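Take a look at the letters that make up each chain.
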Amino acid sequence: MRGFHDSESPARDAPGIGRRPGNIPAELTAFIGRRAETTAVKQQLTRSRLVTVTGAGGVGKTRAALHAARQSQERFCDGVWLVELASVRDPDLLAHTVVEALGIIDHSRRPPLTVLTDHLADRRLLLVLDCVEHLVEPCAELVHELLRHAPRLRVLATGRRPLGVAGETLFPLGPLTATPPGPPPAAAAVSEPDGGRPLEEAAELFAARAGAVVPGFAVTDDNRRLVEEICHRLDGIPLALELAAGRLRSLSLEQTLTRLDDRFRLLVGGVRGAPAHHQTLRTAVGWSHELCTPQERLLWARLSVFAGDFDLDAVEYVCGGPELPPDEALDVLSELVAQSVVSKEETRAGVRYRMLDTLRAYGADWLEATGDAARMRRRHRDWCTGLVTYCELEWFSSRQAEVAVRLDAEMPNLRAALEYALEDEEDGRYALHLAATLWFCWVGCGRIAEGRHWLDRVLELETDHEDARLNALWVYGYVAVLQGDTVGALSVLQECGEGAERTGNRLAAAYAVHLNGCLALISDEMPRAELLLAEALRRYEDMGTFNSNVLVGRSEYAMAIAFQGDLERAVELCEEVRQACEDSGEQWASVYALYVLSFAAWQREETAAARELMENSLRVSHTFRDLVGTVQSVEMMALITATEGDAAEAAVLQGAASRLWRSVGMPLFGSEYFMYPHNECERMVREALGAARQRELQKEGERLGMDEAVARALYRRSVAGATRGAAAGSPVRPSQLGGNRLPAPAASRADDGEAAGGAAQRA
């Protein structure tokens, strides 16, 4: 037997069969007007590889670009993918953000730009970069490199400024048409749009949004001039029009127009030296702001500390106070939702709220003016710290999948909290605590590269809080092991171990021993791995520690003894792990126990049981976006498929796995032990099909992305008949491949640490 390993990570949505690739969201409201503009953008995308939609804030750049992109989907067989950049403030996270948006899970040490260029090299894909203005230079550099290395890539960007990249085509987007109203119509009661001239785009948008908040609202000859005057005075800016329409819940058209006059006089000229279109938008937003009650204005300002979306609990904690009691926050928030200042969204993480970035920026200015910004940012940091601490406890429970979804939704806020905590150079404990406590997010939710980024930064801080630093050190070692950085892992684990023994931090010391055992495991030093992992498990038991890492450590210990020939004992240990996972509701830690049990069932010639166990492992690892666990599961599914006699399908799965390994590091870590199932499958396929046909089918598999590969492994081809029947051979018995004992590797691999990448993923 050979072939165990570990790694995990939660995810976005699991793949669907037959679903178009991409992540463009569905439209929640009707798209009004912009027919000529969207047609022009689509035409420009056929002639230019980079199109940038520019315009003032609130003019509708994002909506128009997404509509054009949605209508262009047929041209891009690899999908249309949206990357939202508004909440990204650190240029170093730009490439990570694009990697995440594309659904790429990569645990290797490759720079994210290399990951992107490799992923996009042969794809026909449209990448939509939304809101680039605050990251113009890094975005320009990124786009330049991607276009240079991916000849079939198209990029559609939105921003207030062009990127300035060679070959860029600009599409300036102006406001919607809103000419001044004409003379009063003759006395007639002809309703629009059935009679009279058609509504202009601005009035059409205003009418549609007004109809959504005021049942039965329609533009008639009686109110048409009022509607057109409002649209004209707001210069046809969609954001301003939607805010104005939202006020019709409590104001008439006449009152709206009158108050609009007042607001223009109040805010005339805007900020000295600001562009005219900024003055216009600020007028619209300022007018909406002035119509709010004092409590609503206060909440608007305080909500500006959130990055991305947020939930009600966060609002009550962060924004509550004497002026805004927490039990009143929901009512005030509901009013902001009713006025279109805040939007409510139904998400996988539950009901969440969001402010447009323009409105958030306006609120932030007011918050700064009150002198309360620093205190609000501290409260936001404290909320995130409490959330992370709670999620770590809940990770080892039946709510693990919910925690993964919640973390996915909260990442913009967690990044903002980390940035703020890093600004406190005198006391780095908050930054260290956040980065270390998020170990399960970095390791279990497919964010290893980002985890390394934050851990690098927090460990540069000076601090007297040694326990916080020790926790960050073992987490850093964990991440380094998964990336195959043996040298980096050894150095931090040595510092962690020595510091833990000196200060009496028994848990950090146990983690250091555990992770050193993982390094030995993936380096084929099985006796050393067995000793270290056994010692770590003993320490956990002495402390009464029982969590996800302990269960993973038991599976890793089972691998170490299985690789040395005691498969029966390894199965006993993994059955205990599986039972413990079922009892606790833990899913993440079960993946590698299931892998070992599947391999054991395969060796006992119980192929159906082996497939069932492996399918369960694959579903869990892919749900959590555990790339290493996923690719190892695909490898094992290939071996099972070959044993069932379908050599052609096994070859396709091996090809798919070979592509996935490029995002991890060295395939199967270069380990003789972990390579065993792969080598056996490859030999069986070659004997059944011949080398030429084998290579042809493997190339077919290499064209599959991760989601496609998983769907293929779980559900096989729907057209199994002719192709599979022609290529399939007779089922192969594992007993035909040799005995039950594992052959030892030909030579020691203690110097191949760079090949590490994941067997230790569960440390």
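The preceding data block contains the structure.
All values derive from a computational prediction rather than experimental measurement. (Residues numbered from 1 in each chain as written. Predicted model: local features only at pLDDT ≥ 70, side-chain atom pairs only at ≥ 80, totals over all residues. Heavy atoms only, no water.)

1. Brief notes about the side chain of D130
Link 1 in the chain: You can see D130 is positioned in strand β3 (residues 125-130).
Link 2 in the chain: Side chain to side chain, D130 and T62 meet in a polar contact 2.5 Å long. (Helix = DSSP H or I, 4+ residues; strand = E, 2+ residues; numbered from the N terminus. Polar contact = N/O pair within 3.5 Å; in protein donor to acceptor, adjacent residues only side chain to side chain.)

2. What to know about helix α25 (residues 567-584)
Link 1 in the chain: With 18 residues, α25 ought to run about 26 Å at 1.5 Å a step, and its terminal C-alpha atoms sit 26 Å apart, in line with that.
Link 2 in the chain: Of all the positions in α25, only L567, A570, V571, L573, C574, V577, A580, C581 and S584 are classed as buried.
Link 3 in the chain: In this structure, the buried side of α25 is in contact with α24 (548-563) and α26 (590-603).
Link 4 in the chain: Once α25 ends, the next one or two residues include G585, with phi positive near 85°. (Expected span 1.5 Å × (residues − 1). Buried < 20%, exposed > 50% of the residue type's maximum accessible area, 1.4 Å probe, protein only. Contact = heavy atoms within 4.5 Å.)

3. Focus: the environment of R161
Link 1 in the chain: Within the secondary structure layout, R161 lies in the loop between β4 (153-159) and β5 (168-172).
Link 2 in the chain: Remark: the alpha-carbon pair of R161 and G55, spanning 106 residues in sequence, is separated by 7.7 Å.
Link 3 in the chain: Leaving out residues up to four positions away in the same chain, R161 has contacts with T52, T54, V132, E133 and V136.

4. Looking at the pattern of salt bridges
When the charged atoms of two side chains lie near each other, side chains of opposite charge can form a pair.
Link 1 in the chain: Taken as a whole and assessed by the stated rule, the structure comprises 51 salt bridges.
Link 2 in the chain: The partner of E402 in a salt bridge is R399, and the shortest N-O contact between them spans 3.2 Å.
Link 3 in the chain: For E402, a relative accessible area of 47% gives the class partly exposed.
Link 4 in the chain: On the basis of relative accessibility, which here comes to 31%, the residue R399 falls in the partly exposed class.
Link 5 in the chain: The salt bridge involving E649 is made with R712; its shortest N-O contact spans 2.7 Å. In this pair, E649 sits in helix α29 (residues 647-661) while R712 sits in helix α32 (residues 706-715), placing the two residues 63 residues apart along the sequence.
Link 6 in the chain: With relative accessibility at 12%, the residue R712 sits in the buried group. (Salt bridge = Lys/Arg side-chain N within 4 Å of Asp/Glu carboxyl O.)

5. Describing the sheet that holds β3
Within a sheet, neighbouring strands are paired by backbone hydrogen bonds and run either parallel or antiparallel to one another.
Link 1 in the chain: Read from one edge of the open sheet, five strands run β2-β3-β4-β1-β5, paired in parallel fashion. The open sheet is flanked by β2 (80-84) and β5, the only strands paired with a single partner. Averaged over all pairs of adjacent strands, the angle between their axes in this sheet comes to 20°, without regard to strand direction.
Link 2 in the chain: Examined bridge by bridge, strand β1 (residues 50-54) and β4 share five bridges and lie parallel to one another. When the sheet's bridge partners are listed, T52 is paired in β4 with A157.
Link 3 in the chain: The strands that helix α1 (residues 35-47) touches are β1, β3, β4 and β5; relative to β5, the one it contacts most, it runs at about 180°.
Link 4 in the chain: Packed onto the sheet, helix α5 (residues 136-149) meets β1, β3 and β4 and runs at close to 165° relative to β4. (Pairing = 2+ DSSP bridges. Axes fitted to C-alpha atoms, helices over the stretch in contact; angles between N-to-C directions.)

6. What about helix α20 (residues 466-482)?
Link 1 in the chain: Counted at 1.5 Å a residue, the expected span for α20 with its 17 residues is 24 Å, and the 25 Å between its end C-alpha atoms agrees.
Link 2 in the chain: Burial analysis of α20 places 13 of its 17 residues in the buried class, which makes it a mostly covered element.
Link 3 in the chain: Looking at the residues trailing α20, positive phi occurs at G484, about 80°.

7. Section: the pairing of strand β7 (residues 350-355)
Link 1 in the chain: Bridge count for strand β6 (residues 342-347) against β7 is six bridges, and the pairing is antiparallel. By the bridge assignment for β7, E346 is matched with V351.
Link 2 in the chain: If you look at the hairpin formed by β6 and β7, you'll find two residues sitting between the two strands.

8. Details of the packing of helix α12 (residues 312-319) against helix α13 (residues 329-338)
Between two packed helices, both the angle of their axes relative to each other and the distance between the axes serve to describe the pair.
Link 1 in the chain: One can describe the packing of α12 onto α13 by two numbers: an axis separation of 10 Å at closest approach and a directional angle of 110°. By the criterion of interaxial angle, the relationship of α12 to α13 is roughly perpendicular. Of the two possible hands of crossing, α12 and α13 adopt the one that is right-handed. Here L312, V315 and E316 of α12 come into contact with α13, specifically with A329, L330 and L333.
Link 2 in the chain: Across the contact of α12 with α13, the residue classes tally to five nonpolar, no polar and one charged. (Parallel < 35°, antiparallel > 145°, perpendicular 65-115°, else oblique. Left-handed = near helix turned anticlockwise from the far one by under 90°. Nonpolar A, V, L, I, M, F, W, Y, C, P; charged D, E, K, R; others polar.)

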